[in-house]
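One-letter residues, chain by chain:
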Amino acid sequence: MQYNPLELETKWQQTWDQTNAFEPLVDMSKKKKYILSMFPYPSGRIHMGHVRNYTIGDAIARHYRKNGFNVLHPIGWDSFGMPAENAAIKHGVHPKKWTYENIDYMRKELASLGLSFSKKREFAASDVLYTKHEQRIFIEMFNKGLVYQKSATLNWCNTCQTVLANEQVEEGCCWRCDNPVEQRLLPGYYLKITQYAQELLDDCEKLREGWPSQVLTMQENWIGRSEGLEFNFTLSDASKAKLGNQFTSYKVFTTRPDTIYGVSYSALAPEHAIVKYLIEHKLLSEDKIAQIKKMQSVGARDRAQAPKEGVSLELDVIHPLTGKNVPVWVANFVLVEYGGGAVMAVPAHDERDFEFATKYDLAITQSIETSTSFDGRAATTDYGTLVNSGEFTGLDSKSAQKAIIAHFEAQKIGTKVINYKLRDWGISRQRYWGAPIPMIHCPKCGLVPEKIENLPVALPDDVEIKGEGNPLDKHPTWKFTKCPCCGEDAIRETDTMDTFFQSSWYFLRYTTDPSLWNDAPFDKESANYWMNVDQYVGGIEHAILHLLYSRFFTKVLRDLGYVSCDEPFANLLTQGMVLKDGSKMSKSKGNTVDPDAIIKTYGADTARLFILFAAPPQKELEWNDSAVEGAFRFLKRFAQKSENALSCKTLPIIDHNTLSKESKYARKKVYEALKKSNEIYEGTYTFNTLIAASMEALNALSDQNDSAVWSEGYFVLLNILEPIVPHICWEMSESLFGCANLAPIAMKEEVFVEDSMILAVTVNGKKRAEIEVETSISKEDALVLGKESVSKWIEGSELIKEIYVPNKLINLVVK
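Cut-offs used in this document
Counting of residues starts from 1 at the beginning of each chain's written sequence and follows it residue by residue. Restriction of local features to residues with pLDDT of at least 70 applies here, the model being predicted, together with a cutoff of 80 or more for giving and counting side-chain atom pairs; totals for whole chains, interfaces and linings are based on all residues. To obtain the side-chain values, all non-hydrogen atoms of the structure were used and water was disregarded. Strands are runs of DSSP state E lasting at least two residues, helices are runs of H or I lasting at least four, and both sets are numbered from the N terminus onward. Think of it in three bands: residues with accessible area under 20% of the maximum for their type are buried, residues over 50% are exposed, and the middle band is partly exposed, with areas taken using a 1.4 Å probe on protein chains only. Residues are treated as being in contact if the distance between any of their heavy atoms lies within 4.5 Å. Throughout, the Shrake-Rupley method with a 1.4 Å probe supplies accessible areas, and for residues the shown protein chains are the sole cover considered. Neither His nor the chain ends contribute to the count of charged residues, in which Lys and Arg are positive and Asp and Glu negative. Note that the charge is assigned to NZ on lysines, CZ on arginines, CG on aspartates and CD on glutamates. Criterion used throughout: strands pair if DSSP finds at least two bridges between them. A fitted line through C-alpha atoms represents every axis, and for helices the fit uses only the stretch in contact; the resulting angles, taken between N-to-C directions, go from 0 to 180 degrees. By this rule the span expected of a helix is its residue count minus one, scaled by 1.5 Å. Salt bridge, as applied in this entry: a Lys or Arg side-chain nitrogen positioned within 4 Å of an Asp or Glu carboxyl oxygen. Seen with the strands pointing away from the viewer, any crossover whose path from the first strand over the helix to the second strand runs clockwise is right-handed. Polar contacts, as counted here, are pairs of nitrogen or oxygen atoms within 3.5 Å of one another; within protein the pair requires one atom able to donate a hydrogen and one able to accept it, and residues that are adjacent in sequence qualify only if both atoms are side-chain atoms. Side-chain atoms within 4.5 Å link the members of a nonpolar core, which is a set of buried Ala, Val, Leu, Ile, Met, Phe, Trp, Tyr and Cys residues.

Chemist: How do you make sense of the overall build of the protein chain when you look at a structure like this?
Modeler: Helix and strand counts for the protein chain stand at 27 helices and 32 strands. The buried share among the 815 residues of the protein chain stands at 53%. Partitioning the intrachain contacts of the protein chain with sequence separation of at least 6 by distance along the chain shows that 72% fall at a separation of at least 24. In the structure as shown, the protein chain presents an accessible area of about 35,900 Å², 49% of it carried by carbon and sulfur atoms. Each charge class in the protein chain was averaged separately, 93 positive and 106 negative side chains, and the resulting centres sit 1 Å apart.

Written out as structure tokens, the structure reads:
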């Protein structure tokens with residue numbers, strides 16, 4: 001067969017499309033597989049990362065489909081978000097138009113790869129119908145007490161009149177206009193993910209077998225469960241007076257109560273209420289206020305990497321055990337979101353506290369003696385024995401922690417608590433291109449949800465996006481409405497939802513036949529059949545936010561009665577990046593490879609073969625032009641060699657015993673490849689080893705001339721390579737076998753029975769020869785042949801010992 005990839009790929013893509021070849025069946029009695037790759041953002045063009053992600057998922061889906069499973073393998077679009085608004089500002093095009101034109105283009109690009117997606121279940125997260133149902137979910141979460149509104153300190157660009165994510169703050173300035181960013185207290189909506197913190201942590205155990213340990217560790221650290229002591233630092237009388245008696249104390253939390261006698265200062269977050277009071281009432285010098293405001297303008301992520309900085313607040317608190325005054329500072333390393341925004345600092349036994357104390361010449365008091373002697377030049381952070389610790393001196397750290405917590409509780413001055421680093425999820429965005437939050441502000445009724453029957457609250461199309469402020473808030477009519485409770489004039493919420501809200505439940509939407517999409521977010525019976533997702537494929541950059549939020553949503557929807565499962569994804573594969581010249585592909589580096597150009601030049605099957613052959617899916621993949629050429633040459637040779645196979649509708653019946661040595665070896669290599677195919681889909685997905693085994697099989701077939709063996713070889717190889725290079729495999733399978741080979745194939749154990757074996761012959765442990773003998777040979781005959789093969793090394797020597805190890809070696813010991 002002459003290999004013309006453009007012609008045959010177009011033919012089979014049209015055939016699959018016309019026959020709805022990849023739509024899941026409605027028969028819920030069949031065994032199922034739900035294979036899902038993370039849905040893409042419609043940025044305009046696909047890149048090689050997309051090709052890798054979707055080719056991996058497609059190979060898995062095709063494997064299970066031809067092995068008799070009911071397979072759900074959908075695609076959609078994560079289509080809300082900032083890039084569309086940025087395009088509107090830059091090019092003057094409406095975000096909706098830009099988004100859906102990009103979807104149309106990228107859909108064609110993905111189709112050109114021959115991906116076996118369900119076309120009927122495709123949707124975009126910006127579709128009004130999808131918005132309708134997620135607004136319903138939001139309202140149900142609100143009614144269950146899982147949504148609340150509060151004010152929080154956020155990054156604010158006064159020039160652009162908008163909130164910025166931490167990632168959009170670059171060295172304290174707005175990424176777009178480069179003007180300084182302020183920290184402003186702004187109202188927003190929050191989801192109570194912290195209510196599920198312990199369950200999210202506990203259920204990581206359910207995922208041990210199917211998820212990479214690195215991802216689970218990242219989630220566990222992000223949730224950050226810690227046990228410790230919470231107590232109040234009481235302000236000194238002078239400090240209370242300075243604060244106008246508006247504050248008497250503040251809470252702190254520590255996981256190391258055994259170090260409490262080493263406290264030499266306390267530090268507050270720049271956003272702490274006491275710090276704000278001092279600034280508002282000008283109770284600090286102008287220089288100190290300026291320094292604190294500079295700290296406030298830096299996002300939490302940048303602060304964590306910045307040098308430790310602080311300012312004395314000229315306040316003191318009372319140590320709860322010693323009664324001594326402890327100075328209070330503001331420090332950039334203290335976060336208002338964790339532990340109340342205040343810490344007790346123990347510089348002798350905490351590296352961060354030590355760095356700060358050394359910089360500002362604060363007292364350093366040892367309270368733990370460890371195996372590393374404390375010399376005042378570095379903190380000793382290990383557990384040890386308490387010193388200088390009053391009645392607790394002499395106790396080991398673990399015992400002291402229990403004793404000190406018990407003392408605080410008995411004196412009613414503190415309690416043992418469990419804390420989590422995980423914060424509630426703020427979903428408010430002052431953007432246009434997002435799902436409107438379906439809440440209404442009524443002067444009479446307060447904050448109330450829209451009626452379910454009034455959903456969706458759709459975006460207005462007639463907006464002008466200039467990048468300044470929220471277009472929904474500025475719209476002349478959109479936000480004006482009636483209260484769903486009292487009917488009086490009211491104002492719609494103009495914030496839109498974080499796009500992670502959409503991606504936290506999209507996988508459930510796919511489970512339902514589109515004929516039911518209008519009535520509910522998804523059908524429970526269908527969701528219970530298809531869930532969990534059997535294999536989820538995506539980048540490790542989503543290890544925390546998307547994957548954690550999806551787990552949270554699944555548990556919430558379970559509690560709301562929508563689903564029965566506890567976890568969304570049974571197995572997770574995080575594919576490595578595609579590199580070129582050692583770096584991640586990016587337009588700025590000029591090292592991108594256009595998938596469209598590769599497909600046009602070599603065909604989709606070549607792109608797929610290279611992507612899956614160059615490296616295991618979990619590893620980084622280095623782009624190699626010559627390897628792409630090599631993949632194309634293999635497919636061309638594979639097509640040409642098919643002329644040696646004869647047409648048949650079933651596997652040829654072959655008498656293995658009558659075959660030549662070369663034909664027997666060829667059959668063995670073919671079935672070794674089939675065995676490898678069955679193995680890799682059990683979870684390793686090392687497609688590169690399967691492709692290598694298939695190439696070896698083709699080479700072995702080429703070294704023999706039995707037409708039945710050729711036919712059997714292609715019957716099997718086309719089956720196992722179909723998930724990887726589907727177009728060429730369907731073409732040859734149709735012409736040779738009427739596609740009868742694209743079904744489960746039984747293993748032929750006879751091919752692994754060897755007629756002969758290779759024996760290494762060693763003299764005094766050094767290999768001198770190899771001999772091929774029949775597997776039925778006796779020990780005596782084997783030794784005779786072995787000695788003949790090394791006669792020149794043993795001639796004239798005394799034979800001391802003869803060792804025979806079947807299937808392995810003959811060792812002769814001489815002197």
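Chemist: Help me understand the sheet that holds strand E21 (residues 480–482) in this model?
Modeler: Backbone-to-backbone hydrogen bonds join strands into a sheet, with any given pair of strands oriented parallel or antiparallel. With antiparallel pairing, the four strands of this open sheet are ordered in space as E20-E19-E22-E21. The sheet is open, and its two borders are formed by strand E20 (446–449) and E21, each paired with just one other strand. Taking the axes of each pair of neighbouring strands and ignoring which way they run, one obtains an average angle of 40 degrees across the sheet. In this sheet, strand E22 (residues 489–492) lies alongside strand E19 (residues 439–442) in antiparallel orientation, the contact comprising two bridges. In the sheet register, Ile440 faces E22, and the bridge partner there is Arg492. Relative to E20, helix H5 (residues 128–143) is tilted by about 130 degrees, and along the sheet it contacts E19 and E20.

Chemist: Before we go on, may I ask you to explain H5 in this structure?
Modeler: An α-helical turn contains 3.6 residues, so any two residues separated by three or four positions project in the same direction. Here H5 contains 16 residues, and its C-alpha end-to-end distance of 23 Å stays within 8% of the 22 Å for a straight helix at 1.5 Å per residue. Those residues of H5 lying buried are Tyr130, Thr131, His133, Glu134, Gln135, Ile137, Phe138, Ile139 and Met141. At the exit of H5 stands Gly145, carrying a positive phi of roughly 85 degrees.

Chemist: What should I look at first to understand the sheet that holds strand E27 (residues 583–584) in this one?
Modeler: Strand order in the open sheet made by the three strands is E27-E26-E28, with mixed pairing throughout. At either end of the open sheet lies a strand with only one pairing partner, and these are E27 and strand E28 (621–622). As paired strands, strand E26 (residues 578–580) and E27 are joined by two bridges and run antiparallel to one another. For Lys580, the partnering residue across the bridge sits in E27 and is Ser583.

Chemist: I would appreciate a short explanation of the pattern of salt bridges in the present structure.
Modeler: When the charged atoms of two side chains lie near each other, side chains of opposite charge can form a pair. A full pass over the atoms with the stated rule returns 49 salt bridges. Note that Arg352 is salt-bridged to Asp353, the shortest N-O span being 3.4 Å. The structure contains a network of salt bridges with shared partners spanning Glu199, Asp203, Lys206, Arg551, Lys555, Arg558, Asp559, Asp566 and Glu567.

Chemist: Explanation requested: the pairing of strand E1 (residues 32–37) in the structure shown.
Modeler: Remark: a regular strand shows side chains that alternate across the two faces of the sheet. Of all six residues that make up E1, six are buried, and the element is covered over most of its length. Residues Lys32, Tyr34 and Leu36 line one face of E1 and the alternating positions Lys33, Ile35 and Ser37 line the opposite face, and both faces are buried. Alignment of E1 against strand E2 (residues 70–72), held across three bridges, turns out to be parallel. Looking at E2, one finds that Lys32 is bridged to Asn70. Regarding the hand of the β-α-β motif, the stretch spanning E1, helix H2 (residues 48–66) and E2 is right-handed. When E1 meets strand E24 (residues 535–539), the two strands line up parallel, connected through three bridges. Bridging from a neighbouring strand, Leu36 pairs with Tyr536 of E24.

Chemist: It is not clear to me how the environment of Asp258 should be interpreted in this structure. Could you clarify?
Modeler: Looking at the secondary structure, you find Asp258 in the loop between strand E9 (249–254) and strand E10 (265–268). The sequence separation of Asp258 and Gly384 amounts to 126 residues, and the corresponding C-alpha distance is 9.4 Å. Setting aside anything within four residues of it in sequence, one finds Asp258 in contact with Ser367, Ile368, Tyr383, Leu386, Ser397, Ala400, Gln401 and Ile404. Of the polar contacts made by the side chain of Asp258, one reaches the side chain of Arg256; its length is 2.9 Å. There is a polar contact of 3.0 Å between the side chain of Asp258 and the side chain of Ser397.

Chemist: So what exactly am I meant to see when it comes to unusual backbone geometry here?
Modeler: Leu455 connects to Pro456 through a cis peptide bond whose omega is 5 degrees. Along the chain, Pro456 turns up in the loop between E20 and helix H14 (471–474). Cis geometry marks the peptide bond from Met531 to Asn532, where omega comes out at 5 degrees. With respect to the element layout, Asn532 can be found in the loop between helix H17 (524–530) and E24. Positive phi, close to 50 degrees, is recorded for Asn20, a residue that is not glycine. Positive phi values are uncommon outside glycine, yet Lys282 reaches one of about 50 degrees. In this structure Lys282 comes out as exposed when scored by relative accessible area, which is 66%.

Chemist: Which parts of the structure should I look at to understand the side chain of Ser118?
Modeler: Tracing the sequence through the fold places Ser118 in the loop between helix H4 (95–111) and H5. For Ser118, a relative accessible area of 0% puts it in the buried group. Here Glu23 takes part through its side chain, which lies 2.7 Å from a polar atom of the side chain of Ser118. Polar side-chain contacts of Ser118 include one of 3.4 Å to the backbone nitrogen of Arg121. Not counting the four nearest positions on each side in its chain, Ser118 is found in contact with Phe22, Glu23, Pro24, His73, Pro74 and Ile75.

Chemist: Is there a simple way to explain the pairing of E10 in this structure?
Modeler: Burial along E10 is two-sided: Tyr265 and Ala267 facing one way and Ser266 and Leu268 facing the other are all buried. Looking at chain direction, E10 and strand E13 (residues 342–345) are connected through four bridges and run antiparallel. Within the sheet, the bridge partner assigned to Ser266 lies in E13 and is Met344. Pairing geometry for E10 and strand E12 (residues 325–331), over three bridges, is parallel. Bridge pairing in E12 places Leu268 opposite Val330.

Chemist: Please clarify how the nonpolar core should be interpreted in this entry.
Modeler: One recurring pattern in soluble globular proteins is that nonpolar side chains are buried together. Met48, Phe687, Tyr714 and Ile724 are the most contacted members of the largest nonpolar core, which has 86 residues in total. Not counting residues up to four positions away in its chain, the partners in contact with Tyr714 are Arg637, Phe638, Lys641, Ser642, Ala645, Leu698, Met732, Leu736, Phe737 and Asn741. Counting 78 residues, the second-largest nonpolar core is a separate cluster that includes Val215, Leu422, Phe501 and Tyr510.

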